[in-house]
Each structure stands twice: as structure tokens, then as C-alpha cells.
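So the chains spell out like this:
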There are 2 protein chains.
Amino acid sequence: MQEPTFLILTALAAAPLHGYGIVQSVLGLSEGEVKLRPGTLYGALDRLAEQGLVEVEREEAVEGRLRRYYRLTDQGAAALSTEVRRLRRRATAAETQLNDRHGIVPGLGTA
Amino acid sequence: MQEPTFLILTALAAAPLHGYGIVQSVLGLSEGEVKLRPGTLYGALDRLAEQGLVEVEREEAVEGRLRRYYRLTDQGAAALSTEVRRLRRRATAAETQLNDRHGIVPGLGTA
DNA sequence: TCGGATAGTACGGTTGACGTTATATGACGT
DNA sequence: ACGTCATATAACGTCAACCGTACTATCCGA
């Protein structure tokens, strides 16, 4: 799972949002680092809906504009939790390896 | 940065390794989850070398077979550290959002 | 009136991972 | 002798996902 997808699921975890709301939420969650483009957002949303990780909660027409609200499914929440654990394991593994950097020089022992 | 790339950098963080050694290391680091295919591995290695995140340490000929050892550069170590911090922030953000799930029902207050 | 925020659709391009095949040698089993 | 597995790298083609941009449309503020 890539970052944009992960952040979209994260945004929907707390409450259902419509497309533009997701963009705002992700912007906040990523501390301004990730501003979703329409192509990324709606492409991911279609994909995630097909996979059953999100679903359309309702459609609203506000001032002639359509608002489609998406909700995280239980399956989506489970997938997100799994991904969180994976990220944590990866981060820990990398840190351990980095701590070995410039580590034990072979042949010099403790003399 | 995607998972295979991240794991390759992680594998090289502790010590230089050649291609096949990276495959074994990543297999261990990912608890058997990620088995790198040649296409993924050498493609990533070429890309990372171009970006200056890894470099060829030395080439060895063992029994007629070439062994090319790759080393993580300082720039590569920095990139990996940055990515570790990012993963940790993403994991924390997602967990916070998940904790709000089935959260406060609007309109019911504390009555 | 022009720009920016809101809201979604459509389309083409690029990147990076994926899968498979090819090449080559040594070890091991049958 | 032959097949298979492990080691080791190269070289394809394919696909998923993200990216950028343009388009449509409405409302608001400068």
C-alpha cells in the first residue's frame, strides 16, 4: 500500500468525508506534506471501493454540486490496522540496522 | 519510497552486501514476507545508485560468477532515517484516527 | 471582473515494482 | 548421466498507482 492510499484510509477512519474533505484532512494529517491531486484521489477511491475497503455512504447535492461521502468499512479499518503494524515493524527493523552502521569492525576485537 | 526500496536500503545499512545477499537479508528483515525478484532488485539498485543512495563497493569474481557488493552512502543513510521518521508519523496519525472510530456521536452530548 | 475555494470528471504520462526467461556454475541426489 | 536446487546477474515486457493538467461548474471576496 502506498502513501496516498494509506492517508486516504487514515482520513476516513475517524468519520465519513467527501472527496474534497479527504484532501483537506490528508493535508492536515501529513502536516502539509501531501496534497492529493484529483487523479490520485478519485483513482484510489474507485480502487478502494472495488476492494471493499471504503464505500459510498451517501450522495448530497449542495448548490448544484455533487458531494459523495465515503466511509471506511470494517474491512478497511482492519486493512489499515494491519498496515500500521507493518510500518512499525519496518521502522524498527531499519533503525536496528542503522545502529549497526559503522558498527563492529571485523578483526579488531576488544583488544 | 516503496517497500522493496526501503528494505534494500535497510539491508545495506548494517554492512555492504551483494545482490543475492540483499535478497536473503530482506527475507529475514521482513520475517519472510518479502522475497525480492531479480527484476525488482537490480532495477532498484540501478535507480538507487543513480540517486547516490547506494554505490558499488567492489566487484569480486567467485567461481566464475561476478559478485557486485553495494554499500549504503551517507546520503542513503540520511534518506533512510528520514523515511523511518515518516513511517512513524504516519503510523501514529492512523492510530489516532482509528481510535476516533465509532467515536463521539454528534448530538448526544453528555446528558 | 478576476482570482481562489469548492467539487468532481477525464486523460495522458511516468515511475517503480512485478513476473518471467536467459545465462552460468557448483552441489546434491537418483 | 541427468535433473534440480542454490547462487548470481541481465534483460526483457507488463501493470498498478501515482502525478499533472485541463475541463466543467458555482459561489465568494477583492
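Small disclaimer: the values here were computed from a predicted structure and weren't measured.

(A) A look at the overall build of chain A. The number of helices and strands found in chain A is four helices and three strands. Its helices and strands taken in sequence order, chain A reads α-β-α-α-β-β-α from the N to the C terminus. The C-alpha atoms of chain A give a radius of gyration of 20 Å, which is well past the 13 Å a tight globule of 111 residues would have. With the C-alpha coordinates of chain A rotated into their principal frame, the extents come out at 80 × 25 × 20 Å. With 111 residues in all, chain A has 39% of them scored as buried. In chain A, the proportion of contacts linking residues at least 24 apart, taken out of those at least 6 apart, comes to 43%. For chain A, the computed accessible surface area is about 6400 Å², with 51% contributed by carbon and sulfur atoms.

(B) Inspection of the protein's contact with DNA strand D at higher detail. Surveying the vicinity of DNA strand D reveals 21 residues, the closest of which are A:Thr5, A:Arg47, A:Arg65, B:Arg67 and B:Arg68. Those atoms of DNA strand D that come within 4 Å of the protein belong to sugar or phosphate at a rate of 75%. Separating a phosphate oxygen of DNA strand D from a side-chain N or O atom of A:Thr5 is a distance of 2.5 Å. B:Tyr20 places a side-chain nitrogen or oxygen 3.0 Å from a phosphate oxygen of DNA strand D. Residue assignment for the surface near DNA strand D shows that the elements contributing at least two residues are α1 (3-14) and α3 (38-50) of chain A together with α2 (19-29), α3 (38-50) and β3 (65-72) of chain B. The residue inventory of the surface near DNA strand D, partitioned by class, reads six nonpolar, eight polar and seven charged.

(C) Structural context of the pattern of salt bridges. Taken as a whole and assessed by the stated rule, the structure comprises 28 salt bridges over all chains. One salt bridge in this structure joins A:Arg58 and A:Glu57, with 2.6 Å as the shortest N-O distance. What makes A:Glu57 partly exposed here is its relative accessible area of 28%. The network of salt bridges with common partners includes A:Glu3, A:Glu31, A:Glu33, B:Glu83, B:Arg86, B:Arg89 and B:Arg90.

(D) The side chain of B:Thr73, seen in detail. Mapped onto the elements of the fold, B:Thr73 is located in the loop between β3 and α4 (74-99). Within the structure, the side chain of B:Thr73 is placed 2.9 Å from the backbone nitrogen of B:Gly76, a separation counted as a polar contact. In this structure B:Thr73 touches A:Arg101, B:Gly52, B:Leu53, B:Val54 and B:Glu55, once residues within four positions along its chain are discounted.

(E) Geometry of the sheet that holds strand β1 (residues 17-18) of chain A. Residue and element names in this part refer to chain A. Spatial strand order, β1-β3-β2: three strands in an open sheet with antiparallel pairing. With one partner strand each, in any of the chains shown, β1 and β2 (54-62) form the two edges of the open sheet. The sheet contact formed by β1 and strand β3 (residues 65-72) spans two bridges and is antiparallel. Each bridged residue has a counterpart across the sheet, and for Leu 17 the counterpart in β3 is Tyr 70.

(F) View of the protein's contact with DNA strand C. In the vicinity of DNA strand C there are 21 residues, among which A:Arg67, A:Arg68, B:Thr5, B:Arg47 and B:Arg65 approach most closely. Counting only the atoms of DNA strand C within 4 Å of the protein, the fraction contributed by sugar and phosphate is 73%. Measuring from a sugar or linking oxygen of DNA strand C, one finds a side-chain N or O atom of B:Gln2 at 3.0 Å. Contributing elements (two or more residues each) for the surface near DNA strand C: α2 (19-29), α3 and β3 of chain A together with α1 (3-14) and α3 of chain B. Residues belonging to the surface near DNA strand C are distributed by class as follows: six nonpolar, eight polar and seven charged.

(G) Inspection of the confidence of the model for chain A at higher detail. With 92% of its residues at a pLDDT of 70 or more, chain A shows a mean pLDDT of 92. Summarising per-element confidence for chain A, the mean pLDDT is lowest in β2(A) (91) and highest in α1(A) (97).

(H) Representation of the pairing of β3(A) in the model. With eight bridges joining them, β2(A) and β3(A) adopt antiparallel strand pairing. Bridge assignment links A:Val62 to a residue of β3(A), and that residue is A:Arg65.

(I) Up close: unusual backbone geometry. All names here are of chain A. One non-glycine residue, Glu 31, lies in the positive phi region at around 55 degrees. For Glu 31, the location among the structural elements is in the loop between α2 and α3. Given a relative accessible area of 55%, Glu 31 falls into the exposed group.

(J) Here's a closer look at α2(A). Every buried residue belonging to α2(A) is among A:Gly19, A:Gly21, A:Ile22, A:Val23, A:Ser25, A:Val26 and A:Leu29, and all of these are buried. Its buried side turned inward, α2(A) meets α1, β1, α3 and β3 of chain A together with α4 of chain B.

Cut-offs applied
Residues numbered from 1 in each chain as written. Chains lettered and ligands numbered in written order. Predicted model: local features only at pLDDT ≥ 70, side-chain atom pairs only at ≥ 80, totals over all residues. Heavy atoms only, no water. Helix = DSSP H or I, 4+ residues; strand = E, 2+ residues; numbered from the N terminus. Rg over C-alpha atoms; globule rule 2.2 N^0.38 Å. Buried < 20%, exposed > 50% of the residue type's maximum accessible area, 1.4 Å probe, protein only. Contact = heavy atoms within 4.5 Å. Areas by Shrake-Rupley, 256 points an atom, 1.4 Å probe, with all protein chains shown as cover. Near = heavy atom within 4 Å. Polar contact = N/O pair within 3.5 Å; in protein donor to acceptor, adjacent residues only side chain to side chain. Nonpolar A, V, L, I, M, F, W, Y, C, P; charged D, E, K, R; others polar. Salt bridge = Lys/Arg side-chain N within 4 Å of Asp/Glu carboxyl O. Pairing = 2+ DSSP bridges. pLDDT = per-residue confidence, 0-100.

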